[in-house]
Amino acid sequence: QVQLVESGGGLVQAGGSLRLSCAVSRSILDLNAMSWYRQASGKQRDLVATLGNAGETYYRDSVKGRFTISRDNAENTVYLQMNNLKPEDTALYYCNTFWQSRNYWGQGTQVTVSS
């Protein structure tokens, strides 16, 4: 079992920054890649960024150069630093991992960017 708890969302003006955190209930070194997804109201859930165990990263095109995914192995926490936020980044952001043939999700944290 893995529990994921997101935090750090909020309301920010366009151009501002937020850092999301995902606290993981077990050593993240035991897990496969950690990812952040987001789901805007009425839309599908989309992959935002992934961090592999070897440090490899993936970002969706719309956030490249603005978002950075990272982790603190000692704290078992994954972060998503979001800079130069845009109104289209408004969504519920979820932490995700896939471990032992099961997909795990957190409860999500809301990010709202005002124009």
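Residues numbered from 1 in each chain as written. Predicted model: local features only at pLDDT ≥ 70, side-chain atom pairs only at ≥ 80, totals over all residues. Heavy atoms only, no water.

A. Quick look at the overall build of the chain. Per the secondary structure count, the chain includes zero helices and 11 strands. Along the chain, from the amino end to the carboxyl end, the secondary structure elements read β-β-β-β-β-β-β-β-β-β-β. In terms of overall dimensions, the chain has C-alpha extents of about 40 × 25 × 25 Å along its principal axes. Relative to all contacts within the chain whose residues are 6 or more apart in sequence, the contacts with residues 24 or more apart total 53%. Surface exposure of the chain reaches about 5,900 Å², of which carbon and sulfur atoms provide 44%. Across the chain, the mean location of the 11 positive side-chain charges is 4 Å away from that of the 9 negative side-chain charges. (Helix = DSSP H or I, 4+ residues; strand = E, 2+ residues; numbered from the N terminus. Contact = heavy atoms within 4.5 Å. Areas by Shrake-Rupley, 256 points an atom, 1.4 Å probe, with all protein chains shown as cover. Lys, Arg positive; Asp, Glu negative; His and termini not counted. Charge placed at Lys NZ, Arg CZ, Asp CG, Glu CD.)

B. Local environment of the side chain of S35. The topology assignment puts S35 in strand β4 (residues 34-39). Of note is the side chain of S35, whose polar atom sits 2.8 Å from the side chain of T50. With near-sequence residues (within four places) excluded, S35 lies in contact with L47, A49, T50, I69, Y94, C95 and N96. (Polar contact = N/O pair within 3.5 Å; in protein donor to acceptor, adjacent residues only side chain to side chain.)

C. Inspection of the sheet that holds strand β8 (residues 77-82) at higher detail. The four strands lie next to each other as β1-β3-β8-β7, forming an open sheet whose pairing is antiparallel. Both edges of this open sheet fall to β1 (4-7) and β7 (67-72), since each of them pairs with a single strand only. Within this sheet the neighbouring strands show an average axis-to-axis angle of 15°, counted without direction. Pairing of β7 with β8, which is carried by six bridges, proceeds in the antiparallel orientation. Within the sheet, the bridge partner assigned to D72 lies in β8 and is T77. (Pairing = 2+ DSSP bridges. Axes fitted to C-alpha atoms, helices over the stretch in contact; angles between N-to-C directions.)

D. Molecular detail of the pattern of salt bridges. As enumerated under the stated definition, the model contains four salt bridges in all. We note a salt bridge from D89 to R66, for which the minimum N-O separation is 2.8 Å. Here D89, found in the loop between β8 and β9 (91-99), pairs with R66, found in the loop between β6 (57-59) and β7; they are 23 residues apart in sequence, far enough to count as distant. Like R66, D89 is buried. Through salt bridges that share partners, R38, R66 and D89 make up one connected network. (Salt bridge = Lys/Arg side-chain N within 4 Å of Asp/Glu carboxyl O. Buried < 20%, exposed > 50% of the residue type's maximum accessible area, 1.4 Å probe, protein only.)

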